[in-house]
Amino acid sequence: MRQINWNKKMKSPKFILLVLAVVSTIILYVKSMEAEDKSQKRLMEFPGGASAHNGQATALQYQNSGDFYQEIKELKNRIKELEKGRKVYPEVPILNYKDRKRILITGGAGFVGSHLTDKLMLQGHEVYVVDNFFTGRKKNVEHWIGHNNFELIHADIVNPLFIEGLAKRVRARLLLASTSEVYGDPEVHPQTEDYWGHVNPIGPRSCYDEGKRAAESLCYAYKKQDNVDIRVARIFNTFGPRMHMNDGRVVSNFILQALQDQPITIYGKGEQTRSFQYVSDLVNGLIALMNGNYSMPVNLGNPDEYTITEFAEEILKRKPIDDPKKRKPDISLAKQELKWEPKGKKQNDHACLVLFCLGPGKKHFCFNRGQWKTFYIRYCLEIHLNLLINLKIKSVSFMIVIKIDVTDFF
Ligand SMILES: O=C(O)[C@H]1O[C@H](OP(=O)(O)OP(=O)(O)OC[C@H]2O[C@@H](n3ccc(=O)[nH]c3=O)[C@H](O)[C@@H]2O)[C@H](O)[C@@H](O)[C@@H]1O
């Protein structure tokens, strides 16, 4: 029989390696058990989750049922989609070839243009926006960028696009966004479309007024000469979201001044009148005009007339009066008498909860308060990372679990 020399064996490198391997396997096994145990505990602690209200059994059922891993799989796929930067667009109908129009909007990233873009996109048309972004903003149309029906062209129409020629060539209908300013300082009240206006051709506003009047003349010349199908909207004062707060117009000026507690600046005696329409009304009017057969100029505005002083008073009325500057309850009494205090903690309930994605692109996701499901994400994430670290299955560089549809936040 061969004698084993243990003394010698124990000193051999092979033996030492074997012992190390056995010990590290045991450590890994114990760690993984701990990790699993921790993850179960976390599920049980999870505030909005299964266990918080229903107890331990539900949490374990949840995990054991395999739903947990199924959900992780789905969430990983969701993350992959988000990583690809795939945007979710507002739903648009699919129109057939006959009904779907291809529409070019110059100034389509501006205040009125962007609302028109939205409406036409939502109807299922193809929209091409041309803008030089002097006053227009990419932000106004960014929710459509990348959509199959949408194209954004950065160009200045001072370098001609020859839209009239294009309209003639492709037999398109052309709409001119004209203005109430073509009536100048009117002698007819209210202004009807057959009124030719009262414009000082050399006055300080004349380039705008006369510019629009010339644009109208050109349109009707094209119509007469080349049979281009023309529509002319004479747009009156308009307000609504995306209007520039610093454009110097009366609506933005008065609202800003009221909010900042500054005096309202009324130019002149304030007896001059204007009528203000909401931008969606205007957009509906523009589309109705384009869809109809009437080809002479049409006024689009709200006939409710205000003097500028009345308008200032109207805005001041809407300003919050006696608005408290601070508010925070002392809840010592409720704590003492009722043993009550709110459960929501500041960092996760009142503020935005931000999750950092460890993957490529290092995006961060921001969730509003009240979305309890975000807790779930955080917990899943922690558990999952923990398992990965402890079991050394994969590298931790990219693994995130998200349960809810977060696309609303992008
Ligand atoms: O939407 C329109 O039809 C037209 O509106 C404006 O022309 P305007 O009507 O003069 O608009 P605001 O600049 O908003 O002024 C409206 C009235 O409020 C007055 N105003 C304006 C601003 C202010 O701080 N205080 C004030 O009293 C003006 O003097 C004016 O009488 C634009 O200048 C035109 O380009 C546009 O075509």
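In case you missed it, the structure is sitting above this.
Note that the coordinates shown come from a computational prediction; the quantities given were computed from them, not determined experimentally.

Q: Quick question: what am I supposed to make of the sheet that holds strand β2 (residues 126–131) here?
A: Within the open sheet, the three strands sit side by side as β1-β2-β3. Their pairing is parallel. Each edge of the open sheet carries a strand with a single partner, namely β1 (102–106) and β3 (150–154). The average undirected angle you get between the axes of adjacent strands in this sheet is 15 degrees. Of the strand pairs in this sheet, β1 and β2 are connected by five bridges, and their pairing is parallel. Directly across from arginine 102, in β2, lies its bridge partner glutamate 126. Running over the sheet, helix α6 (residues 111–122) touches β1, β2 and β3 and is turned about 170 degrees from β1.

Q: Looking at this structure, I do not really get the packing of helix α9 (residues 250–259) against helix α11 (residues 308–318). What am I missing?
A: A pair of packed helices is characterised by two quantities: the angle between their axes and the separation of those axes. Look at α9 against α11: their axes get within 10 Å of each other, and the N-to-C directions meet at 40 degrees. In terms of their interaxial angle, α9 and α11 are classed as oblique. The handedness of the crossing between α9 and α11 comes out as right-handed. Contact residues: α9 offers Val250, Val251, Phe254, Ile255 and Ala258, while α11 offers Ile308, Phe311, Ala312, Ile315 and Leu316. Among the residues making up the contact of α9 with α11, the classes are represented as ten nonpolar, no polar and no charged.

Q: Teacher, can you tell me more about the site of the ligand here?
A: Close to the ligand lie 19 residues, the nearest being Val250, Asn253, Thr265, Tyr267 and Arg274. Between an oxygen atom of the ligand and a side-chain N or O atom of tyrosine 208, the distance comes to 3.2 Å. The contact in question runs from an oxygen atom of the ligand to an N or O atom on the backbone of isoleucine 235, over 3.3 Å. Out of a free accessible area of 700 Å², the ligand has 86% covered by protein chains. Counting residues per element, the shell around the ligand draws most heavily on α9, which supplies three residues. By residue class, the composition of the shell around the ligand is eight nonpolar, seven polar and four charged.

Q: Would you mind showing me how to read the packing of α6 against helix α10 (residues 279–291) here?
A: The geometry of α6 relative to α10 is characterised by a closest axis approach of 10 Å and an angle of 60 degrees between their N-to-C directions. For the pair α6 and α10, the crossing hand works out as right-handed. Two secondary-structure elements touch here, α6 through Phe111, Val112, His115, Leu116, Lys119 and Leu120 and α10 through Val279, Leu282, Val283, Asn284, Leu286 and Ile287. Class assignment of the residues belonging to the contact of α6 with α10 gives a composition of nine nonpolar, two polar and one charged.

Q: Just checking my understanding: could you explain unusual backbone geometry for this structure?
A: Cis rather than trans, the peptide bond between histidine 189 and proline 190 has omega equal to -10 degrees. For proline 190, the location among the structural elements is in the loop between β4 (173–179) and α8 (206–226). Unusually for a residue other than glycine, arginine 242 sits at a positive phi of about 75 degrees. The residue arginine 242 is located in the loop between β6 (238–239) and α9 in this model. Overall, arginine 242 belongs to the partly exposed group, its relative accessible area being 28%. For aspartate 261, which is not a glycine, the phi torsion comes out positive at approximately 60 degrees. Turning to its location among the elements, aspartate 261 is positioned in the loop between α9 and β7 (273–274).

Q: Where do I start with the pairing of β2 in this structure?
A: On a regular strand, each side chain points to the face opposite its neighbour's, so the side chains alternate between the two faces of the sheet. Of all six residues that make up β2, five are buried, and the element is covered over most of its length. Crossover handedness for the path β1 to α6 to β2: right-handed. Sheet analysis places β2 next to β3, joined by five bridges and oriented parallel. Bridged to aspartate 131 within β3 is histidine 154.

Q: What should I look at first to understand α6 in this one?
A: Helical geometry: 3.6 residues make up each α-helical turn, so side chains three or four residues apart lie on a common side. With twelve residues, α6 extends 17 Å from end C-alpha to end C-alpha; this agrees with the ideal 16 Å at 1.5 Å per step. Taking burial as the measure, the twelve residues of α6 include nine buried ones, the bulk of the element. Looking at α6, one finds that the buried residues are Phe111, Gly113, Ser114, His115, Leu116, Thr117, Asp118, Leu120 and Met121. Next to the buried residues of α6 lie β1, β2, β3, β6 and α10. The first or second residue beyond α6 is glycine 124, which carries a positive phi of 100 degrees.

Q: I tried to follow the pattern of salt bridges on my own but got confused; where do I start?
A: Pairs can form between side chains of opposite charge whenever their charged atoms are close. Within this structure, the stated rule accounts for ten salt bridges. With a shortest N-O distance of 2.8 Å, arginine 242 and aspartate 118 are connected by a salt bridge. Placement of arginine 242 in the loop between β6 and α9 and of aspartate 118 in helix α6 is noted, with a sequence separation of 124 residues between them. A salt bridge links glutamate 314 to lysine 317; its shortest N-O distance comes to 3.4 Å.

Q: For this particular structure, what's the right way to read a nonpolar patch on the surface?
A: The grouping of Leu104, Ile153, Ile157, Leu161, Leu166 and Val170 at the surface amounts to a nonpolar patch, some 460 Å² of accessible area in total. Looking at the secondary structure, you find isoleucine 157 in the loop between β3 and α7 (163–170).

Q: Sorry, what's going on with the packing of aromatic side chains here?
A: Taken as a whole, this structure holds six aromatic pairs when the rule is applied. Members of the aromatic cluster, connected to one another through ring pairs, are Phe254, Phe276, Tyr306 and Phe311.

Q: Honestly, the side chain of serine 178 in this entry has me stumped. Any pointers?
A: As for its placement among the helices and strands, serine 178 is situated in strand β4. Ignoring any residue separated from it by four or fewer positions in sequence, one finds serine 178 in contact with Lys212, Glu216, Val232, Ala233, Arg234 and Ile235.

Calculation notes
Residues numbered from 1 in each chain as written. Predicted model: local features only at pLDDT ≥ 70, side-chain atom pairs only at ≥ 80, totals over all residues. Heavy atoms only, no water. Pairing = 2+ DSSP bridges. Helix = DSSP H or I, 4+ residues; strand = E, 2+ residues; numbered from the N terminus. Axes fitted to C-alpha atoms, helices over the stretch in contact; angles between N-to-C directions. Contact = heavy atoms within 4.5 Å. Parallel < 35°, antiparallel > 145°, perpendicular 65-115°, else oblique. Left-handed = near helix turned anticlockwise from the far one by under 90°. Nonpolar A, V, L, I, M, F, W, Y, C, P; charged D, E, K, R; others polar. Near = heavy atom within 4 Å. Polar contact = N/O pair within 3.5 Å; in protein donor to acceptor, adjacent residues only side chain to side chain. Areas by Shrake-Rupley, 256 points an atom, 1.4 Å probe, with all protein chains shown as cover. Buried < 20%, exposed > 50% of the residue type's maximum accessible area, 1.4 Å probe, protein only. Right-handed = clockwise from strand over helix to strand, strands pointing away. Expected span 1.5 Å × (residues − 1). Salt bridge = Lys/Arg side-chain N within 4 Å of Asp/Glu carboxyl O. Patch = residues over 30% accessible without salt bridge, like charges linked within 9 Å, V, L, I, M, F, W, Y side chains within 5 Å. Phe/Tyr/Trp six-rings, centres within 6.5 Å; stacked < 30°, edge-to-face > 60°.

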